[in-house]
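# Descriptive analysis of the structure
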Amino acid sequence: MIPILNPEGRISRRKYLTLFLTFYSINVLSLIMIFESYRSKEWITFWVFGILLIGSIVLLMIQAIRRLHDLGYNWKYSLYLLIPPPVNFFGFVWLAWEEGQDGENKFGPDPRKTDLV
């Protein structure tokens, strides 16, 4: 399975922050385009960016689950991140700020020791 689509394992803060900024900016751009295409009644654009929005939310959640694993938490805490913006933004930022557990935990090896970048 492609690593970015796999919710198992752990992810470092640096990798998470890079992926978060990418997917969250796609998320915001999609919301803007959905709003504009709804106002102008361009339905193909509306549906394309709607699918892109759902995809970016799923990818954000997968990376949040991997980051929660690095902190030693279960995936169930990621459900709090489904609260609408801007509340969920603070949760995503907290995940980027908080330092992960040292060494191996029940979710896998320390990502700081296994990441190439």
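Residues numbered from 1 in each chain as written. Predicted model: local features only at pLDDT ≥ 70, side-chain atom pairs only at ≥ 80, totals over all residues. Heavy atoms only, no water.

## Focus: the overall build of the protein
Heads up, the rule is: What counts as a helix is a DSSP run of H or I of at least four residues, what counts as a strand is a run of E of at least two, and both are numbered from the N terminus. Only protein chains enter the accessibility calculation, which uses a 1.4 Å probe. A residue is then buried if its area is under 20% of the maximum for its type, exposed if over 50%, and partly exposed in between. Contacts are residue-level and defined by heavy atoms, with any inter-residue pair within 4.5 Å sufficient. When charges are counted, Lys and Arg contribute as positive and Asp and Glu as negative, whereas His and the chain ends are disregarded. Charge coordinates come from a single atom per side chain, which is NZ of Lys, CZ of Arg, CG of Asp or CD of Glu.
If you tally the helices and strands in the protein, you get four helices and zero strands. Taken from N to C terminus, the helices and strands of the protein fall in the order α-α-α-α. Scored against the burial criterion, the 117 residues of the protein give a buried share of 37%. Sequence-distant contacts, at least 24 apart, represent 70% of the contacts inside the protein between residues at least 6 apart. Here the protein holds 12 positive side-chain charges and 10 negative ones, and the gap between their average locations is 2 Å.

## Some words on the confidence of the model for the protein
Should pLDDT be low for a region, the predicted coordinates there are not to be read in detail. In plain terms, the rule: A residue's pLDDT is the confidence the predictor assigns to it, expressed on a 0 to 100 scale.
Averaged over all residues, the pLDDT of the protein is 87; the fraction at 70 or higher stands at 95%. Averaged pLDDT values for the elements of the protein fall to 72 in helix α4 (residues 111-114) and rise to 93 in helix α2 (residues 43-71).

## Notes on the nonpolar core
The following threshold applies: Each nonpolar core is a collection of buried residues, namely Ala, Val, Leu, Ile, Met, Phe, Trp, Tyr and Cys, held together in the definition by side-chain atoms within 4.5 Å.
Residues Y16, F20, L60, L81, F92 and L95 are the most contacted members of the largest nonpolar core, which totals 16 residues. Mapped by element, the contributors of at least two residues to this core are α1 (13-39), α2 and α3 (87-97). Broken down by element, this core gets its largest block of residues, six residues, from α2. Excluding its chain neighbours within four sequence positions, the residues that come into contact with L81 are M61, A64, N88, G91, F92 and L95.

## Notes on the packing of aromatic side chains
The relation between two aromatic rings is expressed through the spacing of the ring centres and the mutual angle of the planes. Rules: Working definition: rings of Phe, Tyr and Trp (its six-membered ring) pair if their centres are within 6.5 Å, and the pair is stacked with planes under 30 degrees apart, edge-to-face with planes over 60 apart, and tilted otherwise.
Scanning the model with the defined rule gives 14 aromatic pairs in all. Ring centres 6.0 Å apart and planes at 45° place the aromatic pair F20 and F89 in the tilted group. Of the two residues, F20 is situated in helix α1 and F89 in helix α3; the sequence distance between them amounts to 69 residues. Taking the relative accessible area as the measure of exposure, F20 reaches 4% and is therefore buried. On the basis of relative accessible area, F89 is assigned to the partly exposed category, the value being 31%. Measuring from ring centre to ring centre gives 5.4 Å for Y24 and F89, while their planes differ by 50°; the resulting arrangement is tilted.

## A closer look at the pattern of salt bridges
Using the following cut-off: Each reported salt bridge corresponds to a side-chain nitrogen of Lys or Arg within 4 Å of a carboxyl oxygen of Asp or Glu.
In this structure the tally under the stated criterion is three salt bridges. Across the salt bridge formed by E36 and R39, the nearest N and O atoms sit 3.6 Å from each other. In this pair, E36 and R39 are both assigned in helix α1, three residues apart and thus about one turn of the helix distant. Using a relative accessible area of 36% as the deciding quantity, one classes E36 as partly exposed.

## Remarks on the side chain of S56
Looking at the secondary structure, you find S56 in helix α2. Setting aside residues up to four positions removed in sequence, S56 forms contacts with F23, I26 and N27.

## Notes on the environment of S78
In this fold, S78 is placed in the loop between α2 and α3. Each C-alpha atom of the pair S78 and F20 lies 14 Å from the other, and the pair is 58 residues apart in sequence. Dropping the residues within four chain positions of it, S78 is found in contact with M61, I65 and L68.

## Brief notes about the packing of α1 against α3
What counts is decided by this rule: Axis definition: a line fit to C-alpha positions, over the contact stretch in the case of helices; interaxial angles, taken between N-to-C directions, run 0 to 180 degrees. We call two directions roughly parallel when the angle between them is under 35 degrees, roughly antiparallel when it is over 145, roughly perpendicular when it lies between 65 and 115, and oblique otherwise.
Packing of α1 against α3 leaves a shortest axis separation of 8 Å and a crossing angle of 155°. Between α1 and α3, the interaxial angle falls into the category roughly antiparallel. For the pair formed by α1 and α3, the contact residues are R13, Y16, L17, F20 and Y24 on the first element and N88, F89, F92, L95, A96 and W97 on the second.

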